[in-house]
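Fold and geometry: a report
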Amino acid sequence: MLLFHTLAVVLTGALAVSGGKTKPTPKPIPLKWGVLAFPRYVGLDAYGPLELLNIVAFNTPNMTLSIVAETMDPVPAHITNSAGPLTWVKPNYTIDQDPELDVLLIPGGPGSRVAYNNTRIIDYVKRTYPKLKYIASVCTGAQVLAKAGILNGKRATTNKFAWAEMVASGPGVNWVPCARWVVDGNIWTSSGVAAGIDMAHAFTKTVYKNETLADRAANILEVEIHKDPHWDPFCKVGLSAIVYRR
Ligand SMILES: *[C@@H]1O[C@H](CO)[C@@H](O)[C@H](O)[C@H]1NC(C)=O
Ligand SMILES: *[C@@H]1O[C@H](CO)[C@@H](O)[C@H](O)[C@H]1NC(C)=O
Ligand SMILES: *[C@@H]1O[C@H](CO)[C@@H](O)[C@H](O)[C@H]1NC(C)=O
Ligand SMILES: *[C@@H]1O[C@H](CO)[C@@H](O)[C@H](O)[C@H]1NC(C)=O
């Protein structure tokens, strides 16, 4: 583990020579976050991580959050009443603008099933991934990554209550059934909905290397963070449950 870590630092950090000593320069941290929005995404998938990252951004110079969607029109989230959607998010970039981002986060929900078959969205994810430092998904957002070919041969997780459907939608993926979140290279995937908050905390802790800040954000949100990626009571419940679909 330590060896791998040291190797990773040597491989990824540019070597700077100063005063006869060789010191690795820290990799620049990812500052530009984009959240991909599509109709009927689950609000908490996006807003959970965003609320935590918003606090991180207050404490991180030049860190920005933005919403990327097919058009600039407000995008309806999943929650509806009989008259239709109740909440919308206003994008500030379209996918055609190919905004310069460091991290793209993809939420799930009924909307990810539609995004899965939307060639414009899948093409966007495909072409933007090589330019990113990291890509992340929450819940069934993983199926969008899978469709874009990003998860081929990679370890990933998703919502346990949609397990069979997700596994079928990503046949080349090494799906991990019991995990709060999974990291494989620069790909972060989390389990259902609220798990995205734990993933955002872990991301802040390990990528921004600031657990104090991650904890501070969680304290402000008054959420008890699960810090162990193997903590997953929902895999037992979910994998044997009736598939939730609405
Ligand atoms: C933030 O961005 C400005 C403008 O690009 C730059 O001058 C400044 O050094 C940046 N600050 C940090 C801490 O990266
Ligand atoms: C979208 O938000 C980002 C991050 O705050 C900002 O830099 C950018 O200018 C915004 N773009 C538009 C078109 O509003
Ligand atoms: C997406 O496409 C597949 C294959 O054509 C199809 O089986 C599935 O029903 C489609 N999903 C949606 C939500 O339209
Ligand atoms: C971590 O975050 C805390 C809280 O914002 C801040 O005071 C501290 O300077 C940060 N540490 C580093 C190494 O950036």
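Residues numbered from 1 in each chain as written. Chains lettered and ligands numbered in written order. Predicted model: local features only at pLDDT ≥ 70, side-chain atom pairs only at ≥ 80, totals over all residues. Heavy atoms only, no water.

The protein chain has the name DJ-1/PfpI domain-containing protein in an unreviewed UniProt entry, where Tulasnella calospora MUT 4182 is given as its organism.

**Examining the overall build of the protein chain**
To keep it simple, the criterion reads: Each helix is a run of DSSP H or I of at least 4 residues and each strand a run of E of at least 2, with the numbering of both proceeding from the N terminus. Type-normalised accessible area, obtained with a 1.4 Å probe on protein chains alone, sets the label of each residue: buried when under 20%, exposed when over 50%, and partly exposed for intermediate values. Throughout, a residue-residue contact means that at least one pair of heavy atoms, one from each residue, lies within 4.5 Å. Per-residue and other accessible areas were derived by the Shrake-Rupley procedure at a 1.4 Å probe size, with only the shown protein chains allowed to occlude residues.
Each helix and strand counted, the protein chain has nine helices and 15 strands in total. The buried share of the protein chain, taken over its 246 residues, is 48%. Within the protein chain, contacts between residues separated by at least 24 positions form 69% of all contacts whose residues are at least 6 apart in sequence. Within the structure as shown, the protein chain displays about 12600 Å² of accessible surface, and the carbon and sulfur contribution to it stands at 60%.

**Details of the nonpolar core**
Cut-off, in case you're wondering: Among buried residues, those of type Ala, Val, Leu, Ile, Met, Phe, Trp, Tyr and Cys that are joined through side-chain atoms within 4.5 Å constitute a nonpolar core.
If you look at the biggest cluster of nonpolar residues, it comprises 63 residues, and the most contacted ones within it are Leu 36, Leu 104, Ile 106, Val 125, Ile 135, Leu 151 and Trp 188. With seven residues, the single largest contributor to this core is helix 2 (residues 43-58). Once you skip the residues sitting within four places of it in the chain, Leu 151 turns out to touch Ala 142, Leu 145, Ala 146, Ala 156, Gly 172, Val 173, Trp 175, Ile 187 and Thr 189.

**Observations regarding the site of ligand 4**
For the record, the criterion: Here a residue is near a molecule or strand as soon as one of its heavy atoms is found within 4 Å of it. Counting of polar contacts relies on pairs of N or O atoms within 3.5 Å, with two restrictions inside protein: one atom must be capable of donating a hydrogen and the other of accepting it, and residues adjacent in sequence are counted only when both atoms are side-chain atoms. Gly counts as polar in this scheme, as do all residues outside two lists: the nonpolar Ala, Val, Leu, Ile, Met, Phe, Trp, Tyr, Cys and Pro, and the charged Asp, Glu, Lys and Arg.
Around ligand 4, the structure places Asn 59, Asn 210, Leu 213 and Arg 216. Side-chain polar atom of Asn 59 to an oxygen atom of ligand 4: 3.4 Å apart, as the coordinates give it. For ligand 4, whose unbound accessible area comes to 360 Å², protein coverage reaches 39%. For the shell around ligand 4, the per-class residue count stands at one nonpolar, two polar and one charged.

**Regarding helix 8 (residues 211-221)**
Under the convention used in this document: Here the arc refers to the directions that run from the helix axis out to each C-beta atom.
Buried residues of helix 8: Leu 213, Ala 214, Ala 217 and Ala 218, and no others. Projected down its long axis, helix 8 shows its buried positions confined to an angular sector of 135 degrees, all on one face. Exposed residues lying more than 90 degrees from the buried face of helix 8 are Thr 212 and Asn 219. In the core, the buried residues of helix 8 are packed alongside helix 2 and helix 7 (195-206). Among the residues of helix 8, the N-terminal cap falls to Asn 210, whose side-chain oxygen and the backbone nitrogen of Thr 212 are separated by 3.2 Å.

**Notes on the side chain of Asp 232**
Looking at the secondary structure, you find Asp 232 in the loop between helix 8 and helix 9 (234-239). A distance of 3.3 Å separates a polar side-chain atom of Asp 232 from the backbone nitrogen of Cys 235. Among all residues touching Asp 232, those that are not within four sequence positions of it are Lys 160, Pro 177, Cys 178, Ala 179, Arg 180 and Ser 191.

**Quick notes on the environment of Leu 213**
Within the element layout of this structure, Leu 213 appears in helix 8. A relative accessible area of 9% means that Leu 213 is categorised as buried. With 158 residues separating them along the chain, Leu 213 and Ile 55 place their C-alpha atoms 8.6 Å apart. Not counting residues up to four positions away in its chain, the partners in contact with Leu 213 are Val 56, Asn 59, Thr 60 and Thr 204.

**Some thoughts on the pairing of strand 4 (residues 64-69)**
Our working definition: At least two bridges found by DSSP between two strands are what make those strands a pair. A crossover counts as right-handed when, viewed with the strands pointing away from the observer, the path leading from the first strand over the helix to the second turns clockwise.
Both strand 3 (residues 32-36) and strand 4 contribute to a ladder of five bridges, which runs parallel. By the bridge assignment, Val 35 is partnered in strand 4 with Ile 67. Note that the unit made of strand 3, helix 2 and strand 4 has a crossover that is right-handed.

**Remarks on the pattern of salt bridges**
The criterion, for reference: Take a side-chain nitrogen of Lys or Arg and a carboxyl oxygen of Asp or Glu: if they are within 4 Å of each other, that pair is a salt bridge.
Considering all chains together, one arrives at 11 salt bridges under this definition. Glu 211 is the partner of Lys 227 in a salt bridge, and the nearest nitrogen-oxygen pair spans 3.3 Å. Taken together, the residues Lys 227 in the loop between helix 8 and helix 9 and Glu 211 in helix 8 connect sequence positions 16 residues apart. A residue is classified by how much of its surface remains accessible, and Glu 211, at 32% relative accessible area, is partly exposed. In this structure, Lys 227 and Asp 215 form a salt bridge, with 2.9 Å as the shortest nitrogen-oxygen distance.

**Looking at the environment of Thr 60**
Relative to the helices and strands, Thr 60 is located in the loop between helix 2 and strand 4. The contacts of Thr 60, once residues within four sequence positions are left out, are Ile 29, Leu 31 and Leu 213.

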